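Okay, here's what each chain looks like letter by letter:
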Amino acid sequence: MRKVLVGVKRVVDYAVRVRVSADKSGVELANTKMSMNPFCEIAVEEAIRLKEKGAAEEVVAVSIGPKQAQETLRSALAMGCDRAIHVQTDIRSDQGLNPLAIAQLLEKVVEKESPDLVIVGKQSIDGDHATTAPMLAELLGWSQATFAARLDVAADGASAEVERETDAGTEVVKLPLPAVISADLRLNTPRYPKLPNIMKAKKKPLEALEAADLGVDLAPTLVVTGVAPPPDRAAGVTVESVDDLVDKLKNEAAVI
Amino acid sequence: CSRVLEGVDACAPYNTDWMRKWEGRARVVAEPASTEEVSAVLKHCDRRRLAVVPQGGKTGLVGGSVPVHDEVVLSTRRLDKIEGLDEDTGVATCGAGVVLADLDAFLRDKGFCAPLDLGAAGTCTVGGNLATNAGGVRFVRYGSLRGATVGVEFVTADGTVVDCAGTPLRKDNTGYALPQLLVGSEGTLGVITKVALAVPAAPSSVGVAWLACDDFGAVRRTLRLARTHLGEVLSAIEFLDLPARDAALRAQPDLSDPVEGGSFRVLVEVAGSDAAHDDEKLNRFLEASAEAGAVLDGVVAASTTKARELWRVREGVSDAMSNAGFVFKYDVSLPPARLYDLVDEARARLAGFELDVAGYGHVGDSNLHLNVCDATGYNAAVHETLEPWVYEAVAAAGGSISAEHGVGQCKPDHLHLNKPAAAIDLMAAIKRTLDPNLILNPYKVLPAAAVGRPRGFPLFCADDERDDE
């Protein structure tokens, strides 16, 4: 394969305890630690491994978001990507920018870059939609394999075999390239960016484009009307007898 | 006192320290729920000349919080109310029995954090932290707990409640700083019941780098470069030798070392309010360290999850060594140039034995933790080879025999190595003034010869004289 395109998203750091903003319009992002979406990290790692194996010549990282998305792209470059593309938009990436708009923007980038393979994370940990990869594949008319736990690209670069996670276990699918793959947890363990690569990352090319210039309608079709924290966990109750337990399970918890 | 435990079984958990090195024979444990109850317990014990051991989370490493004989244990566990945080002054007030991690969680909810962090945070109490002047991994950033102590409410041996926490404002120069007397006194001058602490704003951005250094000279150069390039955003800098790293990795098989080469690992943490600014500084520091040849290899954690994995290697050393056999732990301060020499000298002295000798610690504070682990168990010959040599060598090099862990029941006889007789005599005079019957934590901190004996020695726990209170 000549080129692999990897999508990465800047999200609230996975370990942060998020808080709802005072006006309940969304999660409080000010002063909150942001990092690369964990599944995007796995996607980047997989793309770099393909290059290290000789299965790909170039890995290009792309991110859609505000100016700070460039930091996320620098992380991807530090992990080993060759080039980065920043699609700039100030629309809130955790709820204002819808997966369809993202898929359409990525479609434009694919048209520009002509990659042989697109790898993205299966879902972002803020929106949790898991729809960008399938929609992108559909827009492009390409094959797709989502929730990938293993990826093997054929020596001739014409097809790939993917073992994907399902609710019942895994299934193995074979698909022709070009294709869209979404990375799941077991695909790999992402590397730490190493010192020499962190230094080199600063000099690697990073191209900035304006989302508004790409001819995609960015207006949301899904609108978040309110965000609330989950209810406080109620204290546990001790029951006096088995009959009491059965009664509560049936009439209060409604699980039997 | 609203909760009192009696008997061998009920008191057993209170009699052994966390490392299971020391075991007392207390038969009575008091768990007061308020300062008034603490006062009542102490008044009673002082009147009857019953020795008392104040006890918090019991995570101390020098046997300071467990009975030596049958002293009454006074647990501060139930003094666990967090009274509040003044977000304008940055002063938090809480009971002495509040667990450090709980205080930190409460503070983080409001955008602040505790001014110290240590491996035992999930168990140790804030009162205990003050009583031992605990150090920890953020000392290099937030300084000594002495600086963070705004006020303390404590009860003296005779039950007098002394409230020096009533003005929770950072500047109050009215009289002698009694709280400072209590800080680091390890429960021998009074029982701390309430604490007012100055707490910093929680940093919104934290970055961690893990570096490989060739030798200890390179570690020192890395530290100097960190101070120069990271300055005010440096929040922790720790070092480990390879035996320490290996012990931590053996005990946590899901972790691995992401760098190769060299004889040391250095963990550098930056924390601040601007991720881009801090990342830029971290990158410049890494570039400078690589160019100077101080660092052979290094990685940066891109997310909090990965940063925690790196910390787990460093924080896992102590438990890993403790669980691998019998461990001699030494916590010393040494001049930076000599900091690791002690480890090499220990290895040379112990060459005839099969032991795991590891050196690691807070290199930014010139504080070494030397651990000597014998997988076969306690060996008196090893003990004699190590002590008193280790303390004497440290003192001869101009270091402290206890950088942060304190004296407890472990080191009173070595105190003279770091403090002149005049100082120890003055300490004893203060002790006799505040606790004339010598009931508070006897056999700890000060050598027996200096403190003397109370009237009516020996101390005893008299069942027949107990009242119902």
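Further up the page is the structure itself.
Residues numbered from 1 in each chain as written. Chains lettered and ligands numbered in written order. Predicted model: local features only at pLDDT ≥ 70, side-chain atom pairs only at ≥ 80, totals over all residues. Heavy atoms only, no water.

Peer 1: Mind showing me how you'd approach the packing of aromatic side chains here?
Peer 2: The description of an aromatic ring pair rests on the distance of the ring centres and on the angle between the ring planes. Residues and elements named next belong to chain B. Per the stated rule, a full pass over the model turns up 10 aromatic pairs over all chains. Summarising the aromatic geometry, the rings of Phe326 and Tyr378 are spaced 5.2 Å apart at their centres and angled 70 degrees between planes, so their arrangement reads as edge-to-face. Note that Phe326 is positioned in strand E14 (residues 326-333) and Tyr378 in the loop between strand E16 (367-374) and helix H14 (380-386), a separation of 52 residues in sequence. In this structure Phe326 comes out as partly exposed when scored by relative accessible area, which is 24%. Here the aromatic rings of Tyr330 and Tyr391 are separated by 5.7 Å at their centres, their planes lie at 80 degrees, and the arrangement is edge-to-face. Of this pair, Tyr330 sits in strand E14 while Tyr391 sits in helix H15 (residues 389-396), and the two are 61 residues apart along the sequence. (Phe/Tyr/Trp six-rings, centres within 6.5 Å; stacked < 30°, edge-to-face > 60°. Helix = DSSP H or I, 4+ residues; strand = E, 2+ residues; numbered from the N terminus. Buried < 20%, exposed > 50% of the residue type's maximum accessible area, 1.4 Å probe, protein only.)

Peer 1: What's the story with the interface of chain B and chain A in this structure? I'm lost.
Peer 2: A common way to express how large an interface is: the accessible area buried when the components associate. Taken together, the 26 residues of chain B in the interface contact 21 residues of chain A. When the two sides are added together, the surface that chain B and chain A hide from each other amounts to roughly 2,100 Å², 52% of it contributed by carbon and sulfur. Among the residues of chain B in contact with chain A, B:Ser204, B:Ala302 and B:Lys306 are the three that bury the most area, contributing 24% of the side total. Two residues, B:Asp297 and A:Lys194, come together in a salt bridge whose shortest N-O distance is 2.8 Å. Put simply, chain B and chain A have 11 residue pairs in polar contact (both at pLDDT 80 or more) between them. Contributions of two or more residues to the side of chain B that touches chain A are made by strand E10 (205-213), helix H10 (275-291), strand E13 (297-301) and helix H11 (304-315) of chain B. Of all the elements, H11(B) adds the most residues to the side of chain B that touches chain A, at six residues. When the residues that make up the side of chain B that touches chain A are grouped by side-chain class, the tally is 12 nonpolar, eight polar and six charged. (Contact = heavy atoms within 4.5 Å. Buried area = accessible area lost by both parts, 1.4 Å probe. Salt bridge = Lys/Arg side-chain N within 4 Å of Asp/Glu carboxyl O. Polar contact = N/O pair within 3.5 Å; in protein donor to acceptor, adjacent residues only side chain to side chain. Nonpolar A, V, L, I, M, F, W, Y, C, P; charged D, E, K, R; others polar.)

Peer 1: Just to check I follow, could you spell out the sheet that holds strand E11 (residues 234-241) of chain B for this structure?
Peer 2: Adjacent strands of a sheet pair through backbone hydrogen bonds, lying either parallel or antiparallel. All names here are of chain B. Pairing in this open sheet of seven strands is antiparallel, and the strands run E13-E10-E12-E11-E15-E16-E14 from one edge to the other. The two strands at the open ends of the sheet, each matched to only one other strand, are E13 and E14. Across this sheet, the average inter-strand angle for adjacent strands is 15 degrees, counted without regard to direction. In this structure, E11 lies alongside strand E15 (residues 356-362), joined through two bridges in antiparallel fashion. If you follow Leu240 over to E15, its bridge partner there is Tyr360. (Pairing = 2+ DSSP bridges. Axes fitted to C-alpha atoms, helices over the stretch in contact; angles between N-to-C directions.)

Peer 1: Mind showing me how you'd approach the pairing of E10(B) here?
Peer 2: Put simply, side chains in a regular strand alternate between the two faces of the sheet. All names here are of chain B. With eight of its nine residues buried, E10 lies for the most part within the structure. Sheet topology note: the E10/strand E12 (residues 264-272) ladder contains nine bridges and is antiparallel. Paired with Cys213 across the bridge in E12 is Phe264. The sheet contact formed by E10 and E13 spans five bridges and is antiparallel. Within E13, the position partnered with Ala209 by the bridge is Val300.

Peer 1: I'm lost on unusual backbone geometry in this one. Help?
Peer 2: Excluding glycine, most residues fall at negative phi; most peptide bonds, likewise, are trans. Residues and elements named next belong to chain A. The peptide bond linking Leu177 to Pro178 adopts the cis configuration, its omega dihedral lying at 5 degrees. Topologically, Pro178 is positioned in the loop between strand E9 (169-176) and strand E10 (179-183). The backbone of Lys24 sits at a positive phi, close to 60 degrees, despite the residue not being glycine. Looking at the secondary structure, you find Lys24 in the loop between strand E2 (10-12) and strand E3 (34-36). Positive phi, normally seen in glycine, also occurs at Ala254, with a value near 55 degrees.

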